[in-house]
Amino acid sequence: MERILTVAELNEYVRRSLASDPMLRGLRLRGEISNFKRHSAGHLYFSLKDEQARIACVMFRSAAAGLRVALRDGLRVVLSGSAALYPAAGQYQFYVDAVHEDGVGALYLAFEQLKARLQAEGLFDAALKKPLPLLPEGVGIVTSPTGAVVHDICQIAARRHPGVALYLQPARVQGEGAAEEIAAALAALDRRPDVDVIILGRGGGSLEELWPFNEETVARAIFACRTPVVSAVGHETDVTIADFVADVRASTPSAAAELVIPRREEWLAMLRGMKGRMDRAQAQRMALLGHRLTGLRARLELRQPARQIAERRMLLDGLRTRLDARAQSMARERRMRVEALGKRLEALSLRAVLARGYALATLPDGTLLTDAAQARPGDALRLTLRCGAVHARVTEGEHGEKSEDKL
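Residues numbered from 1 in each chain as written. Predicted model: local features only at pLDDT ≥ 70, side-chain atom pairs only at ≥ 80, totals over all residues. Heavy atoms only, no water.

- Under the annotation held in an unreviewed UniProt entry, the protein carries the name Exodeoxyribonuclease 7 large subunit and is attributed to Candidatus Avichristensenella intestinipullorum.
- Comment text from UniProt for the protein, heading Subcellular location (unreviewed entry), reads "Cytoplasm".
- Annotation of the protein in UniProt includes, under Sequence similarities (unreviewed entry), the sentence "Belongs to the XseA family." (UniProt positions renumbered as here; feature names shortened; annotations may be inferred.)

**Considering the overall build of the protein**
Here is step 1: The helix and strand tally for the protein stands at 11 helices and 13 strands.
Here is step 2: A compact globule built from 407 residues should have a C-alpha radius of gyration of about 22 Å, whereas the protein, at 63 Å, is more than 25% larger.
Here is step 3: Across the 407 residues of the protein, 31% fall into the buried class.
Here is step 4: For the protein, the exposed area adds up to about 26500 Å²; of that, 56% sits on carbon and sulfur atoms. (Helix = DSSP H or I, 4+ residues; strand = E, 2+ residues; numbered from the N terminus. Rg over C-alpha atoms; globule rule 2.2 N^0.38 Å. Buried < 20%, exposed > 50% of the residue type's maximum accessible area, 1.4 Å probe, protein only. Areas by Shrake-Rupley, 256 points an atom, 1.4 Å probe, with all protein chains shown as cover.)

**A look at the layout of surface pockets**
Here is step 1: A volume near 360 Å³ is recorded for the second largest pocket.
Here is step 2: Surrounding the second largest pocket, 18 residues form its lining, Arg72, Asp73, Thr237, Asp238 and Val239 being those nearest its centre.
Here is step 3: Sorting the residues of the lining of the second largest pocket by element identifies β1 (27–38) and α3 (106–121) as the ones contributing at least two each.
Here is step 4: It is α3 that contributes the most residues to the lining of the second largest pocket, four residues altogether.
Here is step 5: Here the lining of the second largest pocket is built from residues that sort into eight nonpolar, four polar and six charged. (1 Å grid on protein atoms, 1.4 Å probe; cavity = no way out; pocket = protein on both sides within 12 Å on 5 of 7 lines; lining within 4 Å. Points joined across faces, edges and corners; volume = space filled by probe spheres on them. Nonpolar A, V, L, I, M, F, W, Y, C, P; charged D, E, K, R; others polar.)

**Comments concerning the pairing of strand β4 (residues 75–86)**
Here is step 1: Counted residue by residue, β4 has nine buried out of 12 residues, so it is predominantly covered.
Here is step 2: Two elements, β1 and β4, share six bridges in a ladder whose sense is antiparallel. If you follow glutamate 32 over to β4, its bridge partner there is arginine 76. (Pairing = 2+ DSSP bridges.)

**Notes on helix α4 (residues 148–160)**
Here is step 1: Under the 1.5 Å per step criterion, the end-to-end length of α4 is 18 Å for 13 residues, consistent within 8% with the ideal 18 Å.
Here is step 2: What α4 keeps buried is the set Val149, Val150, Ile153, Ile156, Ala157 and Arg160. Buried residues of α4, seen end-on, are gathered within an arc of 135° and therefore sit on one face of the element. Of the residues in α4, the exposed ones pointing more than 90 degrees away from the buried face are Ala148 and Ala158. (Expected span 1.5 Å × (residues − 1). Arc of directions from axis to C-beta.)

**Here's the deal with the sheet that holds strand β12 (residues 380–384)**
Here is step 1: Pairing within the open sheet is antiparallel, and its three strands lie in the order β11-β12-β13. The strands lining the two open edges of the sheet, one partner per strand, are β11 (360–362) and β13 (389–393). Strand-to-strand twist across the sheet, computed as the mean angle between neighbouring axes with direction ignored, equals 25°. (Axes fitted to C-alpha atoms, helices over the stretch in contact; angles between N-to-C directions.)

**Considerations on the pairing of β1**
Here is step 1: Bridging between β1 and strand β2 (residues 44–49) involves five bridges; their strand directions are antiparallel. By the bridge assignment for β2, isoleucine 33 is matched with leucine 48.
Here is step 2: What sits between β1 and β2 in their antiparallel hairpin is a turn of five residues, with glycine 42 showing a positive phi close to 105°.

**Some remarks on the nonpolar core**
Here is step 1: Grouped together as the largest cluster of nonpolar side chains are 32 residues, with contacts concentrated most on Val142, Ile182, Leu186, Leu200 and Ile222.
Here is step 2: Counting only elements with at least two residues in this core, the list comes to α3, α5 (178–190), β8 (197–202), α6 (216–224), β9 (229–233) and α7 (241–245).
Here is step 3: Here this core takes six residues from α5, the largest share from any one element.
Here is step 4: By size, the runner-up hydrophobic cluster in this structure holds 19 residues, among which are Leu24, Cys57, Leu79 and Val99. (Core = buried A, V, L, I, M, F, W, Y, C linked by side-chain atoms within 4.5 Å.)

**Side note on the side chain of aspartate 190**
Here is step 1: Its location among the elements puts aspartate 190 in helix α5.
Here is step 2: Setting aside anything within four residues of it in sequence, one finds aspartate 190 in contact with Ile198, Ala224, Cys225, Arg226 and Thr227. (Contact = heavy atoms within 4.5 Å.)

**Some remarks on the packing of α4 against helix α8 (residues 253–260)**
Think of two packed helices as two axes; the pair is described by the angle between the axes and how far apart they sit.
Here is step 1: Close contact between α4 and α8 brings their axes to 9 Å; oriented N to C, the two are set at 30°. Between α4 and α8, the angle is such that the two are roughly parallel. Helix-helix and strand crossings are classified by hand; for α4 and α8 the assignment is right-handed. Between α4 and α8, the residues in contact are Val149, Asp152, Ile153, Ile156, Arg159 and Arg160 and Pro253, Ser254, Ala257 and Glu258, respectively.
Here is step 2: When grouped by side-chain class, the residues that make up the contact of α4 with α8 number five nonpolar, one polar and four charged. (Parallel < 35°, antiparallel > 145°, perpendicular 65-115°, else oblique. Left-handed = near helix turned anticlockwise from the far one by under 90°.)

Right, here's the structure in full:
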């Protein structure tokens, strides 16, 4: 009777056959690493290739713990291990026990050479990077129209801000001629006035699959764009020349969409907060201006011409009253002084003296006689009294000390 095998039975048979073949143990393979991945559990997955073929490789965590070589795409290595079948997937692969570096692969060498040359020309200069718009109205996308990148970006845009327009400029993202299509798509979007930012993206892949983004044509097309460009090529660990030239690098196309398209709710909340702060600031400003206006109005009322004239008139009336009172007081004082001086003058006048019984004696020539020695016997004298005058002649004189009681 014919025996029918299950897939598991066949894979297990092949696995045992390969495992029992001594030729497949203790092998050493030389080739170039491609499509390198590091699993979260610590296992390493990659392909080893040469000019004619490639083989899937796995290095378990126990073997990778002692690894002294930093594995990466493009690195030429010599692997030690054995070939076997992975029954669950029916995949023939190489199980790596040790790795030794054997030189740099051609693609990786070309990558480093172009990177160094473009960096020397200033295409990576951080000072030339353009800032992303805060709220773009239109986002351009350069990618394959059939890949998951467009679907992911559209979903994120619809969730974060449906009002942002998306403009797809399709281009092949791997294979021959892809670099030229990418450069043309970038230039086309850069000419559109309704595109504020451009996302250049594709999913992950091997170094060969991502190579169009390491082409000089694409690098110079990005650098020539006046519109900000976000490079979102591959997964987080993938690095391309486009990442260095672009204005911003995102780890994935989805991350680029999150970075470029703002969340509508966050903007609305921010605008509400700004409006609240503006309203409060305006209210405070109006209150301050109202207070200042009240003060200015009070100062203006104090400085009104009519009010100032009235105040000056009141001040003038007060000064006039004080001046009149002072003038009257001074007039009284002067009058009293004049009266007092008049009385003193009157008391000292010749008439008052003569009224007290005194007489004024003068010689014939009018000389006032004040000393008895002035007159000689026989001189005629004129004696002026309070009322009238008499004439007399000197018979004799008495000379002595001055005395008003003696004449």
